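Analysis of the macromolecular model
Okay, here's what each chain looks like letter by letter:
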Amino acid sequence: WDCETWMYPGLLLLHPDIAASMLQYRFNRLPASRNKAQGYPEHYQGAMYAWESAFTGEELAPAPWGVREQHISGDIVFAVQQYWQATRDLGWLATTGYDIAAAVADFWVSRVTPNASTPGPLSINDVMPPDEYHDHVNNSVYTNAVAIISLNFATYAAGLLSIAPNPLWADVARRLVILYDPALGIHPEYEGYDGSTIKQADVVLLGFPLGFPMNTTVRRNDLLYYAKVTSNDGPAMTWGMHAVGFVELGQLDTAAPLFNRSFANAQPPFYVFTETPTGGTQNFITGAGGFLQTVLFGYSGIRFNNEYLALNPVLPPGAQSVVLRAIEYCTHIFRLAYTNTTMTYTLISSGSSGGGLQLYSNGKVAAISPAPLTVPIGPATVYWTD
């Protein structure tokens, strides 16, 4: 998940060719992922990706990570979904993306308890969640959420390609348990979670990057609750995700110190990221990827959607202006520069997909062209018109 959850999103926005190569790596290792699923005593169906893999795609990580941290398969399909949303490349979806999504969907169908043909709620038991301080848990809310997203995307992608989807994909997605504690107004991390210390961002990732449906009260409650129980010795990208959440909620004063913590693991004299504030893994580009997302998706407010690219930029603390020099959307590249009052969109190059980009902002529609287009700061959407 270091690749797809943390490093990949920034690359998708700025260097989608590299993002595509990451997913091609996953596609090429589908046979090994199917072998891994079959290798469990339950002989799971579909593809279960390795937690760590190299040339062959076979599992290289020891237990417990390589055995029970199974959300990695859903993380990969979420990256496939994001690539589709950023490129709208139907040919790629037909030859690469759909095969990954369908294989992982089949895995989730075979993984749930009780059997998917049994009526009633379904669970995913005995996993390690993103919070690696806990293991052998049932109904990890993050694992279940990313499984639902990947199941639904497989169904959606099948429709785009005029393929009949497995009806169990949508059925399992509908019935898979998402834990909620009405007394606390939060999503418990897993069944029986008791408020003990967690390693890193887990439940808070439901809001971003997953975009899992919830109201703003629950989103705020999750952020506040898990900030209090997260280890101060964990990776810095955790605090970047908390910052993104509070920016999304409009609580910029709360977000500011969390944003500063998102790069606190960058160590002098060359400001190379380490995994923890005091050291650990050197050149920890997982942390660097989390920081980059805080800027691109937090303060710039960029979100991928099936039909458009959403933006809602605000300035990071202490900044008077921000320039994103080369955002690529549906093969077209544009520049976004903004201050606290205006934002300016400029087309850098037209892409191979044809058509053009349209900006919808403040109730008006205008083409993004080589001539700078300046509008008042605020929520906006960019559409590709073919």
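1. Topic: the sheet that holds strand 3 (residues 279-282)
Taken in spatial order, the three strands line up as 1-2-3 in an open sheet, and their pairing is antiparallel. Two strands in the sheet have a free side with no partner beyond their single neighbour: strand 1 (266-267) and strand 3. Pairing analysis gives two bridges linking strand 1 to strand 2 (residues 272-276), with the strands arranged antiparallel. Bridged to Gln267 within strand 2 is Val272.

2. Overview of the nonpolar core
The biggest cluster of nonpolar side chains holds 118 residues, and the ones touching the most others in it are Phe334, Leu336, Tyr345 and Val382. Discounting chain neighbours no more than four positions away, the residues touching Val382 are Tyr308, Leu309, Leu311, Tyr329, Phe334, Tyr345, Leu357, Gln358, Leu359 and Ile368.

3. What about the packing of aromatic side chains?
This structure, assessed with the given rule, holds 20 aromatic pairs. When the ring of Phe107 is compared with that of Trp108, the centres are 5.1 Å apart and the planes differ by 50 degrees; the resulting orientation is tilted. Trp108 carries the same exposure label as Phe107, and that label is buried. One aromatic cluster in this structure is built from Phe259, Phe263, Phe273, Phe291 and Tyr299. Across from the ring centre of Phe55, 6.0 Å away, lies the NZ or CZ of Arg29, which sits over that ring. Of note, Arg261 hangs over the ring of Trp239, and the distance from its end group to the ring centre comes to 3.9 Å.

4. Comments concerning the pattern of salt bridges
Where charged atoms from two side chains of opposite charge approach closely, those side chains can pair. All told, the structure shown has nine salt bridges when counted by the stated rule. Between Arg175 and Asp171 there is a salt bridge whose closest N-O contact spans 2.8 Å. Taken together, the positions of Arg175 and Asp171, both in helix 8 (residues 167-175) and four residues apart, correspond to about one turn of that helix. The partner of Glu248 in a salt bridge is Arg219, with the nearest N and O atoms 3.4 Å apart. With Glu248 in helix 10 (residues 237-248) and Arg219 in helix 9 (residues 216-229), this pair connects stretches of sequence that are 29 residues apart. Residue Glu248 is classed as partly exposed on the basis of its relative accessible area, which comes to 41%. Taken together, the salt bridges that share partners define one network made up of Asp171, Arg174 and Arg175.

5. Observations regarding the pairing of strand 9 (residues 356-361)
Two elements, strand 9 and strand 12 (residues 380-385), share six bridges in a ladder whose sense is antiparallel. What sits directly across from Tyr360, in strand 12, is Thr381. Where strand 9 and strand 10 (residues 364-367) come together, four bridges link them in antiparallel fashion. If you follow Gln358 over to strand 10, its bridge partner there is Ala367. In this antiparallel pair of consecutive strands, strand 9 and strand 10, the connection spans two residues, and Asn362 shows a positive phi of 55 degrees.

Cut-offs and rules
- Residues numbered from 1 in each chain as written.
- Predicted model: local features only at pLDDT ≥ 70, side-chain atom pairs only at ≥ 80, totals over all residues.
- Heavy atoms only, no water.
- Pairing = 2+ DSSP bridges.
- Helix = DSSP H or I, 4+ residues; strand = E, 2+ residues; numbered from the N terminus.
- Core = buried A, V, L, I, M, F, W, Y, C linked by side-chain atoms within 4.5 Å.
- Buried < 20%, exposed > 50% of the residue type's maximum accessible area, 1.4 Å probe, protein only.
- Contact = heavy atoms within 4.5 Å.
- Phe/Tyr/Trp six-rings, centres within 6.5 Å; stacked < 30°, edge-to-face > 60°.
- Lys NZ or Arg CZ within 6 Å of the ring centre and 35° of its normal.
- Salt bridge = Lys/Arg side-chain N within 4 Å of Asp/Glu carboxyl O.

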